[in-house]
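# Inside the fold
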Amino acid sequence: MFLKNCWYCAGWDHELSQGRDALLTRRIAGESLVLYRRPDGGVVAMEDRCCHRQAPLSLGRKEGDALRCMYHGWKFGPHGRCIEIPGQAQIPERACVRTFPVVERDNWIWVWMGDPAKADPALICKAVGPGHPDWNIRTSKVRVNTNYRLELANLSDLTHISWVHDQTFGGTTVYASTRPKHTLKARGMDTEIWLRGVPAPRFAQHLFPPDMVFDLYFLSQMSFPCNFILHFQVYAAGTATEGPSNGQLMLDTFSSQAITPCDADAVDYYYSWGASKATDAPGLGELLYEAINAAFLEDKRILEGQHQRMKEKPDFRTVDYAHDAGPGKLLWLLDKLLKEEAAEPAPTVSACAATA
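Overview of the structure. (Residues numbered from 1 in each chain as written. Predicted model: local features only at pLDDT ≥ 70, side-chain atom pairs only at ≥ 80, totals over all residues. Heavy atoms only, no water.)

As a further point, take the packing of aromatic side chains. As enumerated under the stated definition, the model contains 17 aromatic pairs in all. Ring centres 5.7 Å apart and planes at 45° place the aromatic pair Trp-194 and Tyr-235 in the tilted group. Pair noted here: Trp-194 is in strand β14 (residues 188-198) and Tyr-235 is in strand β16 (residues 227-236), with a separation of 41 residues, a long-range link. With relative accessibility at 12%, the residue Tyr-235 sits in the buried group. Relative to Phe-296, the ring of Tyr-269 has its centre 4.9 Å away and its plane inclined at 40°; by these criteria the two rings are tilted. Of this pair, Tyr-269 sits in strand β18 (residues 266-276) while Phe-296 sits in helix α3 (residues 284-312), and the two are 27 residues apart along the sequence. Both residues of the pair, Tyr-269 and Phe-296, belong to the buried class. Taken together, the ring pairs connect Phe-169, Tyr-175, Phe-203, Phe-218, Phe-232 and Trp-273 into an aromatic cluster. (Phe/Tyr/Trp six-rings, centres within 6.5 Å; stacked < 30°, edge-to-face > 60°. Helix = DSSP H or I, 4+ residues; strand = E, 2+ residues; numbered from the N terminus. Buried < 20%, exposed > 50% of the residue type's maximum accessible area, 1.4 Å probe, protein only.)

Here you go:
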């Protein structure tokens with residue numbers, strides 16, 4: 001169901017402090033994890049399971065750069081090896097907990113869930129985080145009780161904006177008559193869309209005269225497991241009918257979205273949106289923040305309902321149409337990578353040798 005040799009987002013860096021009790025729990029691709037910061041600021045990701053009696057290590061406590069299980073006091077170093085057993089001098093060789101490679105980038109925490117020998121940071125998607133000096137970015141998150149494949153399909157077909165997001169991102173039905181340009185990559189897909197001479201998105205229409213129209217540009221870069229990086233620009237309507245708009249650039253934005261599957265029935269959705277400082281204005285960041293939070297609740301409602309109906313009738317035969325091309329390409333590629341990964345020999349590493 002899940003690719004293992006992938007970087008999965010475990011949240012925003014600000015969610016994990018140096019606090020005494022700062023232990024972050026995550027469910028990622030069917031695995032329970034606990035994360036914490038060492039005194040030097042680095043992040044440790046461990047399986048949330050003591051090797052003694054499977055007690056959650058997230059109910060333990062930080063001690064320096066180590067984590068102590070508070071069931072029987074076993075203490076584990078950041079490499080996952082047990083370094084102390086109260087009442088016993090000898091520590092069994094197998095007394096270790098699986099740890100996972102971790103990288104912090106663009107204000108996200110990334111965890112590699114597969115073979116640690118293949119944990120290449122170059123595979124992490126490029127995003128624009130709130131720490132970027134040229135952008136005014138705000139972050140948020142939401143839990144959506146749906147399967148991550150439905151999120152992939154949703155994000156690779158932006159025609160749903162007209163209907164699901166009628167009161168937020170919508171405001172025109174032109175999406176349905178526009179043919180996106182989809183480009184498959186080795187581990188994802190890029191999609192480019194131009195809308196010309198359309199109203200502003202619904203959430204911003206009150207800022208302009210009723211008859212004012214714009215050219216809208218979307219470049220989305222999707223990568224597995226389920227990351228969506230959107231460069232969205234607004235131009236004053238120009239005269240060009242192909243290629244870039246020749247109207248004046250009015251708004252330049254980035255939305256970075258990482259959707260992490262918890263299991264078959266839920267995802268954690270970490271997202272941001274904001275404008276370049278060159279096109280920012282007082283109150284604009286707040287407006288974009290309000291709009292994206294409202295829009296993703298619209299997505300949550302439809303995707304949770306869809307997931308429930310699909311569980312009720314998993315063999316129901318659906319009917320496709322032209323705009324299913326994007327989701328079809330992306331899900332085909334995902335299944336191809338899943339099949340290839342399943343055919344690979346399992347890595348021969350011990351639990352506590354994973355990131356040593």
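Further notes follow.
You can see Thr-279 is positioned in the loop between β18 and α3. What makes Thr-279 buried here is its relative accessible area of 15%. Within the local environment of Thr-279, its side chain forms a polar contact with the backbone nitrogen of Asp-252, the two atoms lying 3.1 Å apart. Of note is the side chain of Thr-279, whose polar atom sits 2.8 Å from the side chain of Ser-276. Leave out the neighbours within four places in its chain, and Thr-279 touches Met-250, Leu-251, Asp-252 and Leu-284. (Polar contact = N/O pair within 3.5 Å; in protein donor to acceptor, adjacent residues only side chain to side chain. Contact = heavy atoms within 4.5 Å.)

What follows is about helix α4 (residues 325-343). With 19 residues, α4 should cover 27 Å at 1.5 Å per step; its first-to-last C-alpha distance of 27 Å lies within 8% of that length. Those residues of α4 that fall on the buried side of the exposure criterion are Gly-326, Pro-327, Leu-330, Leu-331, Leu-333, Leu-334, Leu-337, Leu-338 and Glu-341. Projected onto a plane normal to the axis of α4, the buried residues spread over an arc of 155° and lie on a single side. Exposed side chains of α4 directed beyond 90 degrees from the buried face belong to Trp-332, Lys-339 and Ala-343. Contacts made by the buried residues of α4 are with α1 (148-155), β13 (181-185), β14 and β15 (214-223). (Expected span 1.5 Å × (residues − 1). Arc of directions from axis to C-beta.)

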